[in-house]
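Structure at a glance
One letter stands for each residue in the lines below.
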Amino acid sequence: MNKNALKKRWKKFQTTEEILSETKNLQVSPFGKTEANLQDFRGLTLWTSELSSGGGWHNEPHSINLRQSDFSFSTWKGFDISKSIITDSRFEGAELIGDIRFYSTKIENCLFENCLFKNFNFTKSSLINVSFFGLRPRDKFSFSAD
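Below, the structure is looked at part by part. Quantities reported herein were computed from a predicted structural model and do not represent experimental measurements.

The rules behind each value
Position labels on residues start from 1 in each chain and follow its written sequence. In keeping with the model being predicted, local features are shown solely for residues with a pLDDT of at least 70 and side-chain atom pairs are shown and tallied solely at 80 or more, while totals for entire chains, interfaces and linings include all residues. Only hydrogens and water are removed before side-chain values are computed, so all heavy atoms of the structure are retained for them. Numbering goes from the N terminus for both helices and strands, where a helix is a DSSP run of H or I of at least four residues and a strand is a run of E of at least two. Each residue is assigned to one of three classes by its accessible area relative to the maximum for its type, calculated with a 1.4 Å probe on protein chains only: buried under 20%, partly exposed between the two thresholds, exposed over 50%. Only heavy atoms enter the contact rule, under which two residues are in contact if any of them lie within 4.5 Å. For accessible areas, the Shrake-Rupley method is used with a probe of radius 1.4 Å. Any residue's cover is judged against the shown protein chains and nothing else. Take the buried residues of types Ala, Val, Leu, Ile, Met, Phe, Trp, Tyr and Cys, join any two whose side-chain atoms come within 4.5 Å, and each joined set is a nonpolar core.

1. Quick word on the overall build of the protein chain
Secondary structure summary: the protein chain contains two helices and 11 strands in total. Listed N to C, the secondary structure of the protein chain is α-α-β-β-β-β-β-β-β-β-β-β-β in terms of helices and strands. Looking at the protein chain residue by residue over its 146 residues, the buried ones come to 43%. In the protein chain, of all internal contacts separated by at least 6 residues, the share reaching a separation of at least 24 is 26%. Working note: accessible area of the protein chain is about 7700 Å², and carbon and sulfur atoms make up 46% of it.

As structure tokens, this is what we get:
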């Protein structure tokens, strides 16, 4: 399935709240599992509203534990999962945009490949066996992590 088809299947959900409800806080994908036996969240878009002035996003942290999930070609706009745990997950071609702070987030056995990072911060986070491939000079993110 190509990137556009992956994104199109999520169009039936009108809000992030609808997505979180339907997926039980990103625990179960309505599309089952990928060939690699990961929860299939490929093409998903998660967002919060933009601030009316000064730029940025309303960052409301969602404490969620993500396990064995594939978020390839997903888009996160201002969606913050501070104080969460992400394990055994994949982010290939994902776009992580909009003053996102993974504050005190534990990330273990994850792959970030060819992602776009814009105002993304790993702050006081723990990264264990995490790989970043395909970083570009225009990517803007910071680390304050173990």
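2. Comments concerning unusual backbone geometry
Positive phi, normally seen in glycine, also occurs at Lys 83, with a value near 60°. Positionally, Lys 83 belongs in the loop between strand S5 (75–77) and strand S6 (85–87). Judged by relative accessible area, which is 56%, Lys 83 ranks as exposed. One non-glycine residue with positive phi stands out, namely Asn 119, at about 55°. Mapped onto the elements, Asn 119 comes out in strand S10 (residues 116–133).

3. What to know about the nonpolar core
Residues Leu 26, Trp 76, Phe 102, Ile 107 and Phe 112 are the most contacted members of the largest nonpolar core, which totals 29 residues. Those elements giving two or more residues to this core turn out to be helix H2 (16–22), strand S8 (95–103), strand S9 (106–113) and S10. With five residues, the top contributor of residues to this core is S10. Excluding residues within four positions of it along the chain, Phe 102 makes contact with Trp 76, Phe 79, Asp 80, Ile 81, Ser 82, Ile 86, Ile 107, Phe 120, Asn 121, Phe 122, Thr 123 and Ser 125.

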